[in-house]
Amino acid sequence: MRYPAEETAAKHERIVQEASRLFRERGFENVTVGEVMKAAGLTHGAFYAHFGSKQELQEAAVAYGQELSAGRVRRHKATKRGRRPYADRYLSSSHRDNPGDGCTMAALAQEVARSTPELKAAFEQGFENILTAVGGDRKEAIFQAAALLGGVVLARAVRDPRLSDEILESVRKKVS
């Protein structure tokens, strides 16, 4: 049975959105296709009407998440408030504690680094889009991105909540 193109596109987008969220929360290996499809409100069997493999879904989910991040940068840049409020939000306990709602790069960079060339390409293109959205001096934008990402990754990796908060605060002070 064929569905209207709009309905198929909406289902596809829902799958990608849920996959992106779940992958950011738990990583690629800790999320099954069945879980993604259930979160999207669809059956497991419908997956193959949209994607040829889990790897293809990972690429789409990374691209989607990177575009969300680029959109956040564009929206923030459009305000008069500047870089500090963005850094404050990015380097917050809320972002640290909720990777499913946060930055794809901070949540998945380590996994992407050990993945396929295709997944790396999706990640890289998203990063380039974020750098374009930041604008200005490219080297400074890369430095700022690396500092923000590193701060969140380290804050998530340590066990001591006080050290985690200290990492976030230290990086916030340096990049703002």
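Residues numbered from 1 in each chain as written. Predicted model: local features only at pLDDT ≥ 70, side-chain atom pairs only at ≥ 80, totals over all residues. Heavy atoms only, no water.

**Topic: the layout of surface pockets**
Of the volumes computed, that of the largest pocket is approximately 430 Å³. Around the largest pocket, the lining is made up of 20 residues, and of these Val 73, Arg 83, Tyr 86, Val 134 and Gln 144 lie nearest the centre. Of all the secondary structure elements, the ones that give two or more residues to the lining of the largest pocket are α3 (54–77), α4 (83–90), α7 (117–134) and α8 (138–157). Looking at the lining of the largest pocket, the element that brings in the most residues is α8, giving 6 residues. (1 Å grid on protein atoms, 1.4 Å probe; cavity = no way out; pocket = protein on both sides within 12 Å on 5 of 7 lines; lining within 4 Å. Points joined across faces, edges and corners; volume = space filled by probe spheres on them. Helix = DSSP H or I, 4+ residues; strand = E, 2+ residues; numbered from the N terminus.)

**Comments concerning the packing of helix α1 (residues 5–26) against α3**
Any two packed helices are characterised by the angle at which their axes cross and by the distance between the axes. Packing of α1 against α3 leaves a shortest axis separation of 8 Å and a crossing angle of 85°. One element, α1, and the other, α3, form an angle in the roughly perpendicular class. Facing Ile 15, Val 16, Gln 17, Ala 19, Ser 20, Phe 23 and Arg 24 of α1, the residues of α3 in contact are Lys 54, Leu 57, Gln 58, Ala 60, Ala 61, Tyr 64, Gly 65 and Leu 68. (Axes fitted to C-alpha atoms, helices over the stretch in contact; angles between N-to-C directions. Parallel < 35°, antiparallel > 145°, perpendicular 65-115°, else oblique. Contact = heavy atoms within 4.5 Å.)

**Overview of the packing of α3 against helix α6 (residues 104–113)**
Two numbers describe how α3 lies on α6: the axes approach to 10 Å, and their chain directions differ by 145°. For the pair α3 and α6, the sense of crossing is left-handed. Residues Val 62, Gly 65, Gln 66 and Ser 69 of α3 form the contact with α6, whose own contacting residues are Thr 104, Met 105 and Leu 108. Looking at side-chain class alone, the contact of α3 with α6 contains 3 nonpolar, 4 polar and no charged residues. (Left-handed = near helix turned anticlockwise from the far one by under 90°. Nonpolar A, V, L, I, M, F, W, Y, C, P; charged D, E, K, R; others polar.)

**Thoughts on α4**
When α4 is considered as a whole, its buried residues turn out to be Pro 85, Tyr 86, Ala 87 and Tyr 90. The secondary structure elements touched by the buried residues of α4 are α3, α5 (93–97), α6, α8 and α9 (161–175). (Buried < 20%, exposed > 50% of the residue type's maximum accessible area, 1.4 Å probe, protein only.)

**Let's talk about the side chain of Glu 18**
Mapped onto the fold, Glu 18 is located in helix α1. Its relative accessible area of 19% is what places Glu 18 among the buried residues.

**A few points about the nonpolar core**
Among the nonpolar cores identified, the biggest contains 42 residues, and Ile 15, Phe 23, Leu 57, Tyr 90 and Leu 91 are the most heavily contacted of them. Listed by contribution, the elements that provide at least two residues to this core are α1, α2 (33–39), α3, α4, α6, α7, α8 and α9. If near-sequence neighbours (up to four positions away) are discounted, Phe 23 is found in contact with Phe 28, Val 31, Lys 54, Leu 57, Gln 58, Ala 61 and Leu 108. (Core = buried A, V, L, I, M, F, W, Y, C linked by side-chain atoms within 4.5 Å.)

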